[in-house]
Amino acid sequence: QDLLRRARVLCTRDLRDRCVFAPRRAGSGMVCDGLPGEGDPSICTVGGGGLLLPLGGDAEQQWPKEVRIVLYLAGLLWCFMGVAIIADVFMGAIEKITSRKILIHDKSLGKKRTATVWNPTVANLTLMALGSSAPEILLNVIGIFPTFQAGALGPSTIVGSAAFNLLCIAAVCVISIPGGEVRYIKDLGVYSVTAFFSVFAYLWLLVILLGTSPDVVETWEGVVTFAFFWLLVIFAFGADKGWIPGTEKPPPGFTVQPESSKEELSVMEIKVRQMYGKYTNLTPEQVRLLMEYEFYAPHSRAKHRVNATRLLSGGKKILAAKSSYEAGMELAKELQSKDKEMDAKQSANGARDCVVAQFEALNYNVLESVGEVTIKVRCVGVPTGETEVKYATRDGSAKAIDDYEPVEGTLRFSPDKLEEEISVKIVESKGATEDTEEFYVDLLSGPLGMRKTVTVVIIDEDHPGELHFENEQIEVKGCEKDIVVPITVVRSRGSSGVVSCKYCTDEGSAKEGADFEKVEGVLTFASGQQSATFDVTVKANYKFEGTEIFRVVLSDPEGATFDATTDGGSESCILTLIILADESRKHGLNTLTNMVQVNWDSLEMGNATYKEQITSSIFCGGSLKAQKESSWVVNWD
């Protein structure tokens, strides 16, 4: 045991000599430090300690180890919770910063439009990374300051956090995928760039710590490392824009958004019914869940992080415990399983040469303007003679005469004719907006198979119109009184049905409360109504010169869409209100300013400096020269 103890001491001394007392090179940065010296007490024993603990000194070190473990663990978890709450606030600030908008000139539109200042990829790599890594950065600064030698809380915190993100987080993301399911990386361009730099960072670390300057980070190495960060940002931005070969993005597909147009939703509904309605009459709620699953728009990273923090701290959740995406995924699995079972039964029936008549498909989805829908009925198996099957239409939410023309009749199958068609005319309801409706066609008698009823879904396409501002920019001259500015929203290219949208003001260089009054609400258009107006109040402006702007934003349309050619595109509609300085007041303000400046000049001449003030208070007449020429009697009087 004595030999082992001596060997341990020698090894520790050797490591310390090589690390702490290693000669520093010219221009070098940090070297290794913080290894325990010979005979130094450990942190958890009497005489030892860390940066903050023990709070009670050696007396606390004498407490039972179990008690200290529980107390220190509780304190550690409390600190983690505090950091998480601070991160919650920070992520909200990040969302605010990255959503900042400016007015730019769009060459394709030939006019100005509003655009976001921050690119999402750049924001994630800079602001978001800074916020999520702030604790490690602070620990690193504390660990190396002021000697710039690597201690226990130095660069290892950053390297350890990066390794955890690269290995553990990636492993959890892979393991969490349920068996039999597949996940795809949406943007391979940006992913490839960040994945390359993630691995390259470790290789570069080996180069500078084992190759060019062992155990020392020199100044030029730190500068080059920092330059690599900006190189990562530039390449990731180029990949996001599609400027790098191989990163070109395909045209954006459909996603379920509050701003999705009625035409987009119609296409999505048809696709969902074709995919999952082979043997099932899908309800509107089932269609909604399947649309959320197939055309899912993911939440932002900040929203997920804030929601997780609030779950831990007992705050208000911003995401549901079970999302529509997850419910839609479960429903899709159930319907796919059912389809496989029904296909197997159909194959078994065909193998037994059972002669039955049934619909070729269980669902048909048509637009209201299609005119006529043709439904196919197929005879499974070869009949020995003529076989008759009767059919008839049946109302659902769609009504006969108003939405379709009812039909009934008899289909006849023979060995030479195994397929028949049923045609139903669709009635177009011009000028009236209706919900999606359905009716049914039933096979009533004869040798029938499992698909005896077909659902025909009619999707209304009467256009409710597009909303946009009458003017995309309004200039207002600032004056001494509040100004009420009427804002007109126009409904063009259709006016069927009741539609609405939300409106609100948004700060620019003009600030809410000081330059304008906050306005928000819901604007509703009755059927046939083509314009609506609301008021925005611009506060009295006393500023001498300069131009300020704020915006009025339309969002969340219900039953209508926004004109994609206007500022804001198809997702919103933006009006920029410009507050100009009152030119007529400039002459008067210039005169008043000159008068004020003269008064200040006279005051400055009498009290130029503190030295002159002190001198004037000591000498009679305000100076030594004036004192010699003055009469003491007169001055004292």
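Heads up: the structure comes first, above all this text.
Residues numbered from 1 in each chain as written. Predicted model: local features only at pLDDT ≥ 70, side-chain atom pairs only at ≥ 80, totals over all residues. Heavy atoms only, no water.

A. A look at the overall build of the protein chain. Scanning the protein chain from terminus to terminus reveals 16 helices and 22 strands. Sorting the 637 residues of the protein chain into buried and exposed places 32% on the buried side. The contacts in the protein chain between residues at least 6 apart in sequence include a share of 66% that link residues at least 24 apart. Here the protein chain displays about 38800 Å² of accessible surface, and carbon together with sulfur accounts for 60% of that area. (Helix = DSSP H or I, 4+ residues; strand = E, 2+ residues; numbered from the N terminus. Buried < 20%, exposed > 50% of the residue type's maximum accessible area, 1.4 Å probe, protein only. Contact = heavy atoms within 4.5 Å. Areas by Shrake-Rupley, 256 points an atom, 1.4 Å probe, with all protein chains shown as cover.)

B. Representation of helix 5 (residues 134-144) in the model. Those residues of helix 5 lying buried are E136, N140 and I144. Down the axis of helix 5, the smallest arc covering the buried residues is 55°, so these residues share one side. (Arc of directions from axis to C-beta.)

C. Quick look at the sheet that holds strand 8 (residues 372-380). Strand order in this open sheet of three strands is 6-8-11, and the pairing throughout is antiparallel. Single-partner strands in this sheet number two, and they are strand 6 (356-359) and strand 11 (419-425). Taking the axes of each pair of neighbouring strands and ignoring which way they run, one obtains an average angle of 25° across the sheet. The pairing of strand 8 with strand 11 spans seven bridges and is classified as antiparallel. Bridge pairing links R378 to E419 in strand 11. (Pairing = 2+ DSSP bridges. Axes fitted to C-alpha atoms, helices over the stretch in contact; angles between N-to-C directions.)

D. Highlighting a nonpolar patch on the surface. A contiguous nonpolar surface patch, about 560 Å² in accessible area, is contributed by L130, I137, V141, F145, F148 and I158. You can see F148 is positioned in the loop between helix 5 and strand 4 (149-150). Residue F148 is classed as partly exposed on the basis of its relative accessible area of 44%. (Patch = residues over 30% accessible without salt bridge, like charges linked within 9 Å, V, L, I, M, F, W, Y side chains within 5 Å. Salt bridge = Lys/Arg side-chain N within 4 Å of Asp/Glu carboxyl O.)

E. Seen up close, unusual backbone geometry. We note that D215 has phi near 65°; this positive angle belongs to a residue other than glycine. Positionally, D215 belongs in the loop between helix 7 (188-212) and strand 5 (217-218). Located in the positive-phi region is I401, a residue other than glycine, with phi close to 75°. A relative accessible area of 61% means that I401 is categorised as exposed.

F. Inspection of the sheet that holds strand 16 (residues 483-492) at higher detail. Spatially, 19-16-14-21 is the arrangement adopted by the four strands of the open sheet, whose pairing is mixed. Strands at the two margins of the open sheet, each flanked by one partner only, are strand 19 (531-538) and strand 21 (561-562). As paired strands, strand 14 (residues 466-469) and strand 16 are joined by four bridges and run antiparallel to one another. Its bridge partner being in strand 16, E466 is matched across the sheet by S492.

G. Summary view of the nonpolar core. F469, I487, F534, F550 and L577 are the most contacted members of the largest nonpolar core, which has 28 residues in total. If you list the elements that add at least two residues to this core, you get strand 14, strand 15 (473-477), strand 16, strand 17 (499-507), strand 18 (520-525), strand 19, strand 20 (548-558) and strand 22 (573-580). Core analysis: the second largest hydrophobic core is formed by 23 residues, V373, Y404, L411 and F439 among them. (Core = buried A, V, L, I, M, F, W, Y, C linked by side-chain atoms within 4.5 Å.)

H. Structural context of the pairing of strand 9 (residues 387-394). Bridge count between strand 9 and strand 10 (residues 408-413): six bridges; the pairing is antiparallel. Each bridged residue has a counterpart across the sheet, and for E388 the counterpart in strand 10 is R412. Bridge count between strand 9 and strand 12 (residues 437-445): five bridges; the pairing is antiparallel. What sits directly across from A392, in strand 12, is D442.

I. Structural detail: the pattern of salt bridges. Going through the model one piece at a time under the given rule, you end up with eight salt bridges. For the salt bridge of R412 with E388, the shortest nitrogen-to-oxygen distance reads 3.3 Å. Of this pair, R412 sits in strand 10 while E388 sits in strand 9, and the two are 24 residues apart along the sequence. Classification of E388 by relative accessible area gives partly exposed; the value is 41%. One connected set of salt bridges, linked through shared partners, spans E360, R378 and E419.

J. Focus on the environment of T247. Mapped onto the fold, T247 is located in the loop between helix 8 (219-241) and helix 9 (262-276). Judged by relative accessible area, T247 falls into the buried class, the value being 10%. Sequence separation between T247 and L188 is 59 residues, and the spatial gap between their C-alpha atoms is 7.4 Å. Excluding residues within four positions of it along the chain, T247 makes contact with G189, G238, A239 and G242.

K. Spatial organisation of the packing of helix 7 against helix 8. The contact between helix 7 and helix 8 brings their axes to 9 Å, and the two run at 170°. The orientation of helix 7 relative to helix 8 falls into the category roughly antiparallel. Contacts between helix 7 and helix 8 involve G189, V190, V193, T194, F197, F200, W204, I208 and T212 from the former and W220, E221, V224, T225, F228, L231, L232, F235, A236, A239 and D240 from the latter. (Parallel < 35°, antiparallel > 145°, perpendicular 65-115°, else oblique.)

L. Focus on the packing of aromatic side chains. According to the stated counting rule, one finds 13 aromatic pairs in the structure shown. Arranged with centres 5.4 Å apart and planes meeting at 85°, the rings of F196 and F197 form a pair that is edge-to-face. Look at F197 and you get buried, because its relative accessible area is 13%. On the basis of an interplanar angle of 10° and a centroid distance of 4.0 Å, the ring pair of Y404 and F439 is categorised as stacked. Here F439 lies in strand 12 and Y404 lies in the loop between strand 9 and strand 10, a separation of 35 residues in the sequence. Residue classification places F439 among the buried positions, given a relative accessible area of 0%. (Phe/Tyr/Trp six-rings, centres within 6.5 Å; stacked < 30°, edge-to-face > 60°.)

M. Looking closely at the environment of P486. For P486, the position within the fold is in strand 16. Exposure remark for P486: the relative accessible area of 47% places this residue in the partly exposed category. Excluding residues that lie within four positions of it along the chain, P486 makes contacts with I474, T533, F534 and D535.

N. Region of interest: the pairing of strand 20. As judged from the seven bridges shared by strand 17 and strand 20, these two strands associate in the antiparallel manner. Bridge pairing in strand 20 places Y503 opposite L554. Both strand 20 and strand 22 contribute to a ladder of seven bridges, which runs antiparallel. Paired with F550 across the two strands is L577, which belongs to strand 22.

O. Structural detail: the packing of helix 6 (residues 155-175) against helix 7. Where helix 6 meets helix 7, the axes come as close as 11 Å, and the angle between the chain directions of the two elements is 145°. Taken as a pair, helix 6 and helix 7 cross one another with a handedness that is left-handed. In contact with V159, A162, A163 and L166 of helix 6, helix 7 contributes S198, Y202 and L205. (Left-handed = near helix turned anticlockwise from the far one by under 90°.)

P. Main features of the side chain of E218. Summarising the element assignment, E218 is placed in strand 5. With relative accessibility at 13%, the residue E218 sits in the buried group. A polar contact of 2.8 Å, which involves the side chain of E218, links it to the side chain of W220. (Polar contact = N/O pair within 3.5 Å; in protein donor to acceptor, adjacent residues only side chain to side chain.)

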